[in-house]
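Each chain is listed here by its residues.
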Amino acid sequence: MLEERNFKTLVLGVGNRIMSDEGIGVHLVERLCDKFSLPEEIQVLDGGTLGLDLIYFLEGIENLLIVDAVQADLEPGEMIRLQDDAVPAFMSLKISPHQVGVPDMLFAAKLRDVIPQRIVLWGVQPSLVELGMDLSPLLESKMDTLMAHVLEELVGFGHQAALK
Amino acid sequence: MSKIVIDPITRIEGHLRIEVEVDGGVVKDAWASSTMFRGVELILKGRDPREAWAITQRFCGVCTTVHAFASVRAVENALGITIPNNARILRNLVEGIQFVQDHVIHFYHLHALDWVDVVSALSADPTGTSDLARSISDWPNSSPEYFAAVKRKLSTYVESGQLGPFANAFWGHPAYKLPPEANLMAVAHYLEALEWQRDVIRAHALLGSKNPHLQTYLVGGMATPIDPNSQAAINADTIAMLKGLFQKAKDFVNRVYLPDVLAVAPFYLDWAGIGEGVGNYLAYGEYPDKDGTQLFPRGHILGKDISKVLPVDQTKVTEHVSHSWYEYDDESKGLHPFEGETRPKFTGPKPPYDFLNTDEKYTWMKAPRLDEHAMEVGPLARMIVAYASGHKQVQDTVNLVLGKLGAGPEALFSTLGRTAARCIETVVLVDQLLGWTDELAANIKNGDIDVHEGSKWDPANWPETAEGWGFIEAPRGALGHWIKIKNKKIENYQAVVPSTWNASPRDARGVRGPYETALIGTPIADPNMPLEILRTIHSFDPCIACGVHLFDTKGRELNRVTVINPNGSFSPLLKLSGLR
């Protein structure tokens, strides 16, 4: 039950699936798996709001693509692309273990020397962050663009994805 | 009198916010607030009860398994389902290793920074650290060269300015008491704990999931297949691998975690007299054996009286909202979760604000009470109930720890006691994992591979209405889910989570919650760096920021500490990090 496959690339959707736009990363990876057939060397994960647990999945990969909701002082629905050192990696003073986020995970990955060679983050400024299983209409309308960006990154990593 | 506010400005909304009044260097009063509305129960109404666990698992990124577990137990209780023995063992294993991981990670990655001055480790003599490490444990990573390498790694990060925590924590605070050599040892073990936790992820993967979220819960049992002849199921190889991983976990707990707690605690014995809390302890109990007897027993203790373990009657659980941003028709009393309502009504100040109006409503947390008593939940509550119930192994381990510290049982009722209890519990629990694995192996050998009771799976076999509750011990305390089912759908769903007990606000009678009570009397050396408040709050292992994990591209992921001086002026210390 323990598959030790050699993945080259990890697509990691993070966010809270029950907080509407906050979960856009998770929505994205769900649709990526539904609509496209991906080569074996790509692992796609719904990272939810897990923190340090995710480091395990960074072991041995070359490319990490993170999709998340971001607070970047943009207009709702606007997107941002960050790469490598521009993706914040640090450990914060925390009141609760829940505050372990992507920056903490990346920092811990550095400490453990399992940081991937290439890291790309695609972030979307949310418009609605409240309880709900669906995206806001605005972010829903951005999903095709976001998916196109993700597919383009995969091509950049040397992969091909085909519509199912 | 001055007022200190600690408010994590994490992501969009705040989470746990603490306001304290300080006079003469001592906390005089305290208020705990959660500044984010969750109300996750609302999205469960009208759904299929068999699917509820997959949603409740998203309540929280840290406690995914416990919310899934509480949910399936609530449905099983409502429908009268008894799960097969193998499912019980698998649940114990999934939950048990989760506990062990959670406690170790809490200690090294969250709480240790309250006691360990990382910057001070830079001035340690690695030979001295080696001597110290060898005097407390036979753990192999203990040579002077090993600690010298850790020190070099640490200096690299500090010099490159990448270490967020070193810019943001309270390094150099006078309340740090460890010598540099001990600090360096703790930093080394912090790194080892990070490495170690990958084994836990592997164990979870073996127990049935490639995905970071477990997919194996099922109303009526587990979805983990057992088949001695299949590579895609639990078989003899899986059992052997699990045993290897559990043995490693046990080694780490007994030879690193416990010795570290015993080595650090003597420097902080004053904290055995600080942070007592409400003195009432509630445990739902956990880890049933074949006959249903729980490893950690159910019960409650009132007024620190460990001569009497009182039973837990779930009908006596109520939630008050007199100081919470919700509406009840009659707010002078609490409501049982079956009658529970989640009618949000925010009456707090509009952000940005300096203070909450703590005389009125000031939090999104409800105030749970057991028979009108505020109760502490968590490892300390479980260990006290187990100790008072005569649990031999818990008593022995508690006595061993107290003996090494030269302290009496009263030391348990404190911030230090809470931290020690978490370690004691880990020591007792990690011992069970191998035993449960053997039990599972024996069943498989005897041909018992049943993991699911399916007779009530079909809603056609359900009554028109049903109600039930699912109790579980989460790492941070007693968790309960209550469900009402009508016409095969969820009619009402309420979760009373551990941190709602601990971070409870005042109730209708003005009785404070455990955090609020525990903070009163805490000494504060420097109001601008309220390290002492974090020590006590962290000792409870708060679990509140469950809602939102938005990524801040500017790296503004920190706590804001605001100190209000007597003359009314205030100096917000907004600490930024992560920008390079």
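The coordinates are above.
Residues numbered from 1 in each chain as written. Chains lettered and ligands numbered in written order. Predicted model: local features only at pLDDT ≥ 70, side-chain atom pairs only at ≥ 80, totals over all residues. Heavy atoms only, no water.

K.L.:
I'd like to hear about helix H2 (residues 64-79) of chain B, residue by residue, with values.
P.N.:
Residues and elements named next belong to chain B. For H2, built from 16 residues, the straight-helix expectation of 22 Å at 1.5 Å per residue is met to within 8% by its first-to-last C-alpha distance of 23 Å. Of all 16 residues in H2, 15 are buried; the element is thus mostly enclosed. Looking at the residues trailing H2, positive phi occurs at Gly 80, about 70 degrees. (Helix = DSSP H or I, 4+ residues; strand = E, 2+ residues; numbered from the N terminus. Expected span 1.5 Å × (residues − 1). Buried < 20%, exposed > 50% of the residue type's maximum accessible area, 1.4 Å probe, protein only.)

K.L.:
Help me get a handle on unusual backbone geometry, residues and values and all.
P.N.:
Peptide bonds are trans in most cases, and residues, glycine excluded, mostly fall at negative phi. A positive phi angle is found at A:Asp84, which is not glycine, with a value near 50 degrees. Positive phi outside glycine occurs at B:Asn487, with the angle close to 50 degrees. Relative to the helices and strands, B:Asn487 resides in the loop between strand E13 (477-486) and strand E14 (489-496).

K.L.:
Lay out the pattern of salt bridges in plain terms, naming residues and giving numbers.
P.N.:
Pairs can form between side chains of opposite charge whenever their charged atoms are close. Taken as a whole and judged by the stated rule, the model has 34 salt bridges over all chains. The salt bridge partner of B:Arg198 is A:Glu59, with a shortest N-O separation of 2.4 Å. Residue B:Arg198 is located in helix H7 (residues 180-206), and its partner A:Glu59 is located in the loop between strand E3 (42-48) and strand E4 (63-71); the two belong to separate chains. Its relative accessible area of 23% is what places A:Glu59 among the partly exposed residues. Two residues, B:Lys361 and B:Glu331, come together in a salt bridge whose shortest N-O distance is 2.8 Å. Remark: B:Glu331 occurs in the loop between strand E10 (317-320) and strand E11 (367-370) and B:Lys361 occurs in the loop between E10 and E11; sequence separation between them is 30 residues. (Salt bridge = Lys/Arg side-chain N within 4 Å of Asp/Glu carboxyl O.)

K.L.:
Break down helix H3 (residues 85-115) of chain B for me, with residues and values.
P.N.:
All names here are of chain B. Under the 1.5 Å per step criterion, the end-to-end length of H3 is 43 Å for 31 residues, consistent within 8% with the ideal 45 Å. At Phe 107, H3 is deflected by roughly 40 degrees, the largest bend along its length. Counting buried positions over the 31 residues of H3 gives 30, a clear majority of the element. (Bend = angle between axes of the 7 residues up to and from the residue.)

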